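Listed here are the chains, written in short residue letters.
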Amino acid sequence: MAWMVSTILQLLFVLGTLELSGADETRVPPSILSPTERQELVYVDKEKVEVRCSATGQPTPVYKWLWNENEIQSEYITFSESTGILTIPNLSTREEGLFLCHASNTFSNGRTATAVSAALEIRVGRIEDFLSRPLEPYYGIEGNYVRIPCDKDLPVYYGAVTFKWYTVIGSVNDEVRLNERTFIDQGGNLHFSYVLKSDEKTGDTLYKCAISSAKGGTIKLGNGNSLNVTSTAPIANSKPRLMYNTSGSFLTVEVGNNARLECVFSGYTEAETVPRILWYDQDGQAITQGGRYDITANGRTLIIKNVTEDDEKTYRCKGINSLGSDEGSMALNITSPPIWVQPVKSTTVVEGNDAMFTCTTRSAKGEQKPSPPLWALNAKQMGSVYDPNKYQFNADKTTLTVKSVNKDTDIACFQCTVANSVGMVKDDGCINVIKPIEIKVRPAAQQSVMKGDKVDLTVVATTDPLYAPDMTYSWIFNNVNYTGDKAPPYVTYDIVNKLAYINTSELTDEEFKSIGGLYRRAISHPVQTVYVDVTVETKLAAAVGEVATASFSYWIIGLIIGIIILITVILFIVCVICRRKMQEATYPVDKKETAAGLDPEKELKSSGFHDLSRVDFDEYPTKRPQHDLDFNAIPVGEGDDENFAEYGGEPSKFNEDGSFIGTYSKDMEKVPLRQSNSTESLV
């Protein structure tokens, strides 16, 4: 219970700390939503134009439009900083040009990030006037092929246009109807597979090329052309002959556009009128209507939709009638401005890490290699003015690395521009820097628990406010993932407060054994994932078994040693006690004599004190006194026993209590006293 109270208090402290630190600003650099691709926008003259630039970011971005790469200072063009709408009330050629949108947001520390949109080319849909030239006469023979050019120098035009031909009589214009004999190519030229006398126009009636613009709502007529046809009767039959096929600039098509290949054959038979036209690729495979292929104008036109580099090959057209065939070939060249291999992409980086931008392009097959990229930081060209320690480029400048990013200083946008012989491409990407995931409450990494203990698994983390709502917690235990409110077996988990624990007192022994192992806590959001590992070791069945098995012999040895030591101590104590009793045992002389079979009191009364004569050494030669006593000659240990020998006595024999009573009485019993002749009293 104390553990849980402590954990809850810790959680409350962390939550309070998070509220106090909530001032950490949520920052997101701008990201352009539109326009993202270069476009040509064509409007009718005097039309009101409104173009919106939109971007995301936090704080909300503000907008600024540039006109031909300069700030707009015109009363005829306005824009809103808050909505990003560019307005031209009455479009004219005066306001035409290239427009770019800048979206910027400024953070609380005063630093600004700026993103740049794709370019928009705004034009008035129109056709310039044809240059005036003299009447151009053309001649043909009935049944033969004739071509009348639209004009040697076509006028400048903007927007989609359509070529038409008219026969003009004074002020009356009559459109030439296209049929199996007549055809207008993509350059505006008028083709007759063969002419008839009825096609002749001379004098006041002329052929004129016209260009019409749907946006401009206008038709511009070109210069007059006459056609003189020589009649033949009947028209002679002829086999097909290739008279025209696509060439020049029309055979160069950019990736993503439609390719238009055209063939015109002459040839006439009364049954077939004009030749049939078939199409083949360079491998001889027939091309038919359908899919990416569209065959129109009586077979004269092959349209390949949305071309790719793989469409760059040779195509063949073949004209056939009953008299024979002819064919032509066209090599289609697919080209492109630089093609993105790896465009610049916005990135979100955890503070302290490096951010990397890649700007890699290539040209279409067979085209010249693109130039090295040009980089800009927040719409300002980097050039040579940048910190090389902070901003590092690879050798060909296709990769930019921003080192050790910081949230306060490095949230920014970068622009990359690449060009080749065909055109230019530009891309934009931003760095967003966030604070890392930080573990505020962490359990012990190693936990050995007995039955009844609490296992602490509570983990609480914080992160940048931008990703705090997206941060998730999950578990991995025994290779099983647990997400959302799911937790490993027997784990009590509060998904709101992140409180997690195992109450082992509620588990059986088998359940208790099963909770051991590695508990991995994964805390993640879209940018970062961190792990907190807790290893739990149970000490019930597994631990007891190990002790019983591994330590059995040591327990027996210890018991035996203990018993030996105990016996030794007991014996030692017994010996000491006995020794002391022996040393302290002082007995009275009477008891001693009585124990020897004597009666001391009776002896005292009967004998009193007597004088004893000197012992006759002749009877005891071994006790004879030694003369010329030499102490060095006495063996070690013998002198003490003979300390009375020189006086004719026997070696002393004292009792343990220091007395000699009873000792000599025994000797006297063995050796009777010699009767002295002296008449002196023995007393």
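Read on for an overview of the structure. Residue positions are given per chain, counted from 1 along the sequence in the order it is written. Given that the model is predicted, a residue must reach a pLDDT of at least 70 before its local features are reported, and side-chain atom pairs must reach 80 or more before they are shown or counted; all residues, however, enter totals for whole chains, interfaces and linings. To get the side-chain values, take all heavy atoms of the structure and skip hydrogens and water.

1. Some thoughts on the sheet that holds strand β36 (residues 374-377)
Between any two strands, at least two bridges found by DSSP are needed for them to pair. Working definition: helices are DSSP H or I runs of at least four residues, strands are E runs of at least two. Numbering for both runs from the N terminus. Across the sheet, 5 strands lie side by side as β33-β41-β40-β36-β37; this open sheet has mixed pairing. Two strands close off the open sheet at either side, each with one partner strand: β33 (347-350) and β37 (380-381). With 2 bridges joining them, β36 and β37 adopt antiparallel strand pairing. From the neighbouring strand, Leu 377 faces β37, where its bridge partner is Lys 380.

2. Some details on a nonpolar patch on the surface
On the surface, Ile 557, Ile 561, Ile 565, Val 569, Phe 572, Ile 573 and Ile 577 cluster together to form a nonpolar patch covering roughly 650 Å² of accessible area. Position of Ile 565 among the secondary structure elements: in helix α4 (residues 552-584). Each patch is built from residues that are more than 30% exposed by relative accessible area and take part in no salt bridge. Like charges join if they lie within 9 Å; nonpolar side chains (Val, Leu, Ile, Met, Phe, Trp, Tyr) join within 5 Å. Only the protein chains shown count as covering a residue, and every accessible area follows the Shrake-Rupley method with a 1.4 Å probe. Salt bridge criterion: a side-chain nitrogen from Lys or Arg within 4 Å of a carboxyl oxygen from Asp or Glu.

3. Some details on the pattern of salt bridges
Taken as a whole, this structure holds 27 salt bridges when the rule is applied. Across the pair Glu 25 and Arg 27 runs a salt bridge, and its minimum N-O distance is 2.8 Å. Here Glu 25 and Arg 27 have matching classes, each one buried. Residue Glu 510 pairs with Lys 513 through a salt bridge whose shortest N-O separation is 3.0 Å. Here Glu 510 pairs with Lys 513, and both are found in helix α2 (residues 509-514), just 3 residues apart, close to one helical turn. Several salt bridges share partner residues, and in doing so they unite Glu 96, Glu 121, Arg 123, Arg 126 and Glu 128 into one network. The classification of residues rests on relative accessible area computed with a 1.4 Å probe and restricted to protein chains. Under 20% of the type maximum is buried, over 50% is exposed, and intermediate values are partly exposed.

4. A few points about empty space enclosed by the protein
Residues are said to line a cavity or pocket when one of their atoms sits within 4 Å of a point; the points come from a 1 Å grid over protein atoms alone, cavities being sets where a 1.4 Å probe fits but cannot get out and pockets being open sets with protein on both sides within 12 Å along at least five of seven lines. Grid points are joined across faces, edges and corners, and a volume is the space filled by probe spheres set on the points. A full pass over the atoms with the stated rule returns 1 cavity of 30 Å³ or more. Of the pockets and cavities examined, the largest cavity occupies roughly 40 Å³. Surrounding the largest cavity, Pro 443, Leu 457, Val 459, Trp 475, Tyr 519, Arg 521, Val 532 and Val 534 form its lining. Charged means Asp, Glu, Lys or Arg here, nonpolar means Ala, Val, Leu, Ile, Met, Phe, Trp, Tyr, Cys or Pro, and polar covers whatever is left, Gly included. A per-class count over the lining of the largest cavity returns 7 nonpolar, no polar and 1 charged.

5. Description of the packing of aromatic side chains
For Phe, Tyr and Trp, where Trp contributes only its six-membered ring, two rings pair if their centres lie within 6.5 Å, and the inter-plane angle classes them as stacked under 30 degrees, edge-to-face over 60, or tilted in between. Taken as a whole and assessed by the stated rule, the structure comprises 9 aromatic pairs. On the basis of an interplanar angle of 70 degrees and a centroid distance of 5.0 Å, the ring pair of Tyr 194 and Tyr 268 is categorised as edge-to-face. Of the two residues, Tyr 194 sits in the loop between β19 (190-192) and β20 (205-213) while Tyr 268 sits in strand β24 (residues 259-268), which places them 74 residues apart along the sequence. Comparing Tyr 194 with Tyr 268 shows no difference in burial state: the two are buried. Measuring from centroid to centroid gives 6.0 Å for Trp 375 and Phe 393, while their planes differ by 50 degrees, and the two rings are tilted. Of the two residues, Trp 375 sits in strand β36 while Phe 393 sits in strand β38 (residues 391-393), which places them 18 residues apart along the sequence. Judged by its relative accessible area of 4%, Trp 375 is buried. These aromatic residues form a ring-pair network of at least three members: Phe 357, Tyr 391 and Phe 414.

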